[in-house]
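Residue strings, one per chain:
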There are 2 protein chains.
Amino acid sequence: MAGTLYGVGVGPGDPELLTLKSLRILTSVPVLAWPAPEEGPSLAREIVADHLPGTQREIAIRMPLLPARFPAEDVYDKAALEIGEALDAGDDVAVICEGDPFFYGSFMYLFGRLSGGHAIEVVPGVSSLTACAAALGSPLSAKNDVLSVIPGPLDADTMAQRLAEADAAAIIKVGQHLEKIRGVLAQIGLSDNARYIERATMAEQRIVPLADVDDGDAPYFSMILVHKRAEAWK
Amino acid sequence: MAGTLYGVGVGPGDPELLTLKSLRILTSVPVLAWPAPEEGPSLAREIVADHLPGTQREIAIRMPLLPARFPAEDVYDKAALEIGEALDAGDDVAVICEGDPFFYGSFMYLFGRLSGGHAIEVVPGVSSLTACAAALGSPLSAKNDVLSVIPGPLDADTMAQRLAEADAAAIIKVGQHLEKIRGVLAQIGLSDNARYIERATMAEQRIVPLADVDDGDAPYFSMILVHKRAEAWK
């Protein structure tokens, strides 16, 4: 009987934000797979490393960091082939996914390749979206708010329109787009309603006023939360 | 020394989707508080009931179900007073919250009343948003998608506009608004891109084609996910 592919969300970084279900699956399957840079450790694996028995087969999915190579289709092709062979041999395989696998997760690249011919179950995880709101200490959305998740790479005009239409917004993948985003927020008068956070729930978590972040200084794992009723909770 | 108020997310319903952190806090604080209907059990408490030691003080926050009485400010006033007294006496208090406390959670009503004078920490949980996508078996959002969360009570014109602007959407709080929502989706040509689910991850989880749900039959805990590239993952 063929194995099942699990996409397992392990939360935003704090190892304690792992769910009981993710823990059970990650410690019981014979094969693990995890994303990592071309060299060095896997952040996703590090979140759960203390729980792993050390006896499982592990498949590293090492991605080139150069944007021109992203997503590296050949890397996912090779990983899907290796994972598919393990599944066909009857082994369950769990892919360790930061945050939640289906919320802007790179798991989609494996899902797209393997969902036709294999049983797949996704185990949801705590997403960076709600983890950032918790760390910033104020509600993300409430009542009949429209909440929009807006990727930082969008062009300034589109971003301004989407922000104008929502009651609350989370701008994700800030990174190198910080200067543009700050300009958009100023242009539509929402600078004072925006809160910046990077590496939420990780040991290196940092919360600073948006105005104090240097343009080149925002990591990929940063987020800006915006709410038009910024003081409505008080 | 005054106690800390914890808003603790316990996930969408499956007790196994509890995080290690939520479990630790809920089993170690001297006082728990939880929402419930005027009579009968608390769904939030039931999610974690098997873990509770049975020795904690418990504060029931019982809400009238009549819409005309919602939110019942007097009920939250009374609960905030009782919780505030426990905090002032030096006890930590954990409020058990379905899903995530800051994602459309009723915890905001206590947060608004108590955040001025007390230490508050929110522990994020798996939200219904990602749990529904996992249960439905296809990605919520990816790459540079704009994802909008749209409450069902919004009027049809606003809902149609917000849906038109997003790449992906989650329509929450469907309940009695199903007929209107179905009309909006048909009007803008997205009926075939919509997937319906109720009580995700609970024992009573139900996934049926949107066309097959009777108008009066959708519970409050139901969601419709929409993606304009419905087949893009295959």
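Peer 1: What is the right way to read the overall build of chain A from this model?
Peer 2: Scanning chain A from N- to C-terminus turns up 7 helices and 10 strands. In terms of its C-alpha atoms, chain A occupies a principal-axis envelope of roughly 60 × 40 × 30 Å. Taken over 234 residues, chain A has a buried fraction of 56%. When contacts within chain A are restricted to residue pairs at least 6 apart in sequence, those whose partners lie at least 24 apart make up 71%. Carbon and sulfur atoms make up 50% of the accessible area of chain A, which amounts to about 9,500 Å² in all.

Peer 1: What should I look at first to understand the packing of aromatic side chains in this one?
Peer 2: Here the distance between the centres and the angle between the planes together describe a pair of aromatic rings. All names here are of chain A. Counted under the stated rule, the structure contains 12 aromatic pairs over all chains. Each ring, one from Phe 102 and one from Phe 107, has its centre 6.3 Å from the other, and the planes form 50 degrees; the classification is tilted. The two residues Phe 102 and Phe 107 agree in class, both being buried. Taking the centre distance of 5.2 Å and the plane angle of 80 degrees together, the rings of Phe 102 and Phe 111 count as edge-to-face. Among the aromatic residues, ring-to-ring pairing joins Phe 102, Phe 107 and Phe 111 into one connected group.

Peer 1: Any chance you could explain unusual backbone geometry here in plain terms?
Peer 2: The bulk of non-glycine residues show a negative phi, and the bulk of peptide bonds are trans. Residue and element names in this part refer to chain B. Positioned with a positive phi, Lys 173 is a non-glycine residue whose angle comes to about 50 degrees. Examined against the element boundaries, Lys 173 turns out to sit in the loop between strand S7 (168–172) and helix H7 (178–187). A positive phi is found at Thr 201, a non-glycine position, where the angle reads about 70 degrees. In this structure, Thr 201 sits in the loop between strand S8 (194–198) and strand S9 (206–208).

Peer 1: Looking at this structure, I do not really get the sheet that holds strand S6 (residues 147–151) of chain B. What am I missing?
Peer 2: Strands pair in a sheet through their backbones, by hydrogen bonds, and they do so in one of two ways: parallel or antiparallel. Strands sit in the order S9(A)-S8(A)-S10(A)-S7(A)-S6(A)-S6(B)-S7(B)-S10(B)-S8(B)-S9(B) across an open sheet of 10 strands; the sheet is mixed. Sheet topology places strand S9 (206–208) of chain A together with S9 of chain B at the edges, where each strand pairs with a single neighbour. On average, adjacent strands in this sheet sit at an angle of 20 degrees to one another, irrespective of strand direction. Pairing geometry for strand S6 (residues 147–151) of chain A and strand S7 (residues 168–172) of chain A, over 5 bridges, is parallel. Residue pairing across strands places Val 149 of chain A opposite Ala 170 of chain A, the latter belonging to S7 of chain A. Across the face of the sheet, helix H5 (residues 128–136) of chain A comes into contact with S6, S7, strand S8 (194–198), S9 and strand S10 (222–227) of chain A while running at roughly 70 degrees to S10 of chain A. Strand contacts of helix H6 (residues 156–165) of chain B: S6, S7 and strand S10 (222–227) of chain B, with the helix running at about 165 degrees to S6 of chain B, the strand carrying the most contacts.

Cut-offs used in this document
- For every chain, the first residue of the written sequence is number 1, and numbering continues from 1 along that sequence.
- As they are written, the chains are lettered A onward and the ligands numbered 1 onward, keeping that order.
- Selection of residues for local features in this predicted model requires a pLDDT of at least 70, selection of side-chain atom pairs for listing and counting requires 80 or more, and totals for whole chains, interfaces and linings are taken over all residues.
- Each side-chain value is derived from all of the structure's non-hydrogen atoms; neither hydrogens nor water enter the calculation.
- Secondary structure elements follow DSSP: runs of H or I no shorter than four residues count as helices, runs of E no shorter than two count as strands, and numbering proceeds from the N terminus.
- Per-residue accessibility, obtained with a 1.4 Å probe over protein chains only, is compared with the maximum for each type, and a residue is labelled buried under 20%, exposed over 50%, and partly exposed between these values.
- Residue contacts are counted whenever heavy atoms from the two residues lie within 4.5 Å of one another.
- Here the Shrake-Rupley method, with its probe set to 1.4 Å, supplies the accessible areas, and only the displayed protein chains count as covering residues.
- The criterion for an aromatic pair is that two Phe, Tyr or Trp rings (for Trp, the six-membered ring) have centres within 6.5 Å, with stacked assigned to planes under 30 degrees apart, edge-to-face to planes over 60 apart and tilted to the rest.
- In this scheme, strands are said to pair when DSSP sees at least two bridges between them.
- Under this scheme, a helix contributes an axis fitted over its contacting stretch, all axes are lines through C-alpha atoms, and angles between N-to-C directions fall in the 0 to 180 degree range.

Shape is all these values report; function is a separate question.
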